[in-house]
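# Architecture and fold: a report
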Amino acid sequence: KDANGSVDSCSDLLFTIKYGGLVENIAVGGRHPGSRLPNTMAKRLVAAIVNYDSIRTVDVSYALDPLQADGLFDQLLEALEKSRGLRSVRASGCGLSRITNHRLAQFSNLSSLYLNNNKLRTVPAAVCSLRKLSTLDLSNNCLPRLYT
C-alpha cells in the first residue's frame, strides 16, 4: 500500500484487509484484455471487501472475465455497499452487458463512472439518481445511436 492508501495488486489488497489496514483506492484493473484477474482471485477480492467502508475508488478495468463479468460486477457492487463514500468506479473493457440498477443507485456520492468498452445495450436507469455524477463514460458499448 502506498502513502495515498492505494493498493495495486490483488494479493497486496487481500493481505492489507486481512490485517486491518486502511484501503481507500483499489486498482486491480489493467489497460488491456491480457490483464484479466483469474476468476478465483476476483471472487476473493469481492469477499475481502465486504463491509469495508473506507473505499473511495475502484478500478477493475479489463480485470473481469467477460463470461462472468455481469455477475462478478454485481457482487462487487454488493460488497461495496458499506462504502457510502465511494466516488469513482472504473469497469472499462470487462464485457459487461447489464448493470443492476438498485446496486448502482446506492452510491449517492459517486462522481465518476467509467463503463466504456463493454457490451451495454441500455444506459443504467440508476445513473439518473446519482446527483453528484459529473463524469459518465459509456463510449464503445452497444448503445443505440441517439440523433437530435
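A brief report on the enclosed structure follows. (Residues numbered from 1 in each chain as written. Predicted model: local features only at pLDDT ≥ 70, side-chain atom pairs only at ≥ 80, totals over all residues. Heavy atoms only, no water.)

### Points about the overall build of the protein
Our working rule: Comment: elements are numbered from the N terminus, with helices defined as DSSP H or I runs of at least four residues and strands as E runs of at least two. For this analysis, residues touch if any pair of their heavy atoms sits within 4.5 Å. All accessible-area figures derive from a Shrake-Rupley calculation using a 1.4 Å probe, and residue coverage is judged against the displayed protein chains alone.
Each helix and strand counted, the protein has four helices and six strands in total. Here the contacts in the protein between residues at least 6 apart in sequence split such that 60% fall between residues at least 24 apart. For the protein, the exposed surface amounts to about 7800 Å²; the carbon and sulfur share of it is 50%.

### Observations regarding the pattern of salt bridges
Here the idea is simple: oppositely charged side chains can pair when their charged atoms come close. Which entries qualify depends on this criterion: For this analysis, a salt bridge means a side-chain nitrogen from Lys or Arg found within 4 Å of a carboxyl oxygen belonging to Asp or Glu. Exposed residues in this analysis have more than 50% of their type's maximum accessible area, buried residues have under 20%, and partly exposed residues fall in between, with area computed by a 1.4 Å probe over protein chains only.
Tallied over the entire structure, the rule returns two salt bridges. In this structure, Arg103 and Asp74 form a salt bridge, with 3.4 Å as the shortest nitrogen-oxygen distance. Here Arg103 is found in helix H4 (residues 101-105), whereas its partner Asp74 is found in helix H3 (residues 69-79), with 29 residues between them in sequence. Note that Glu78 is salt-bridged to Arg103, the shortest N-O span being 3.6 Å. Taken as a pair, Glu78 in helix H3 and Arg103 in helix H4 lie far apart in primary sequence, 25 residues in all. The class of Arg103 is buried, set by a relative accessible area of 15%. Each member of the salt-bridge network shares a partner with another, and the members are Asp74, Glu78 and Arg103.

### Focus: the environment of Asp74
Heads up, the rule is: Throughout this description, a polar contact denotes any pair of N or O atoms lying within 3.5 Å of each other; where both atoms belong to protein, one of them has to be capable of donating a hydrogen while the other can accept it, and for residues adjacent in sequence the pair is counted only when both atoms sit in side chains.
Residue classification places Asp74 among the buried residues on the basis of a relative accessible area of 19%. C-alpha of Asp74 to C-alpha of Ile99: the two residues are 25 residues apart in sequence and 7.2 Å apart in space. Once you skip the residues sitting within four places of it in the chain, Asp74 turns out to touch Thr100 and Arg103. A polar atom in the side chain of Asp74 sits 2.9 Å from the side chain of Thr100.

### Section: the nonpolar core
This is how the line gets drawn: Joining through side-chain atoms within 4.5 Å is the link that ties buried Ala, Val, Leu, Ile, Met, Phe, Trp, Tyr and Cys residues into a set, and such a set is a nonpolar core.
Ranked by size, the top nonpolar core spans 39 residues in total, and within it Ile49, Val60, Phe73, Leu96 and Leu115 carry the most contacts. Breaking this core down by element, the ones donating at least two residues are helix H2 (39-48) and H3. Looking at which element gives the most residues to this core, the answer is H3, with six residues. Discounting residues that sit within four places of it in the chain, Phe73 has contacts with Leu64, Val89, Ala91, Leu96, Ile99 and Leu115.

### Considerations on H2
Defined as follows: Summarising the geometry, the arc corresponds to the directions from the helix axis toward the C-beta atoms.
For H2, the full list of buried residues reads Asn39, Met41, Ala42, Leu45 and Val46. Seen end-on, H2 carries its buried residues on one side only, within an arc spanning 165 degrees. Exposed positions of H2 whose direction lies more than 90 degrees from the buried face are Thr40 and Ala47.

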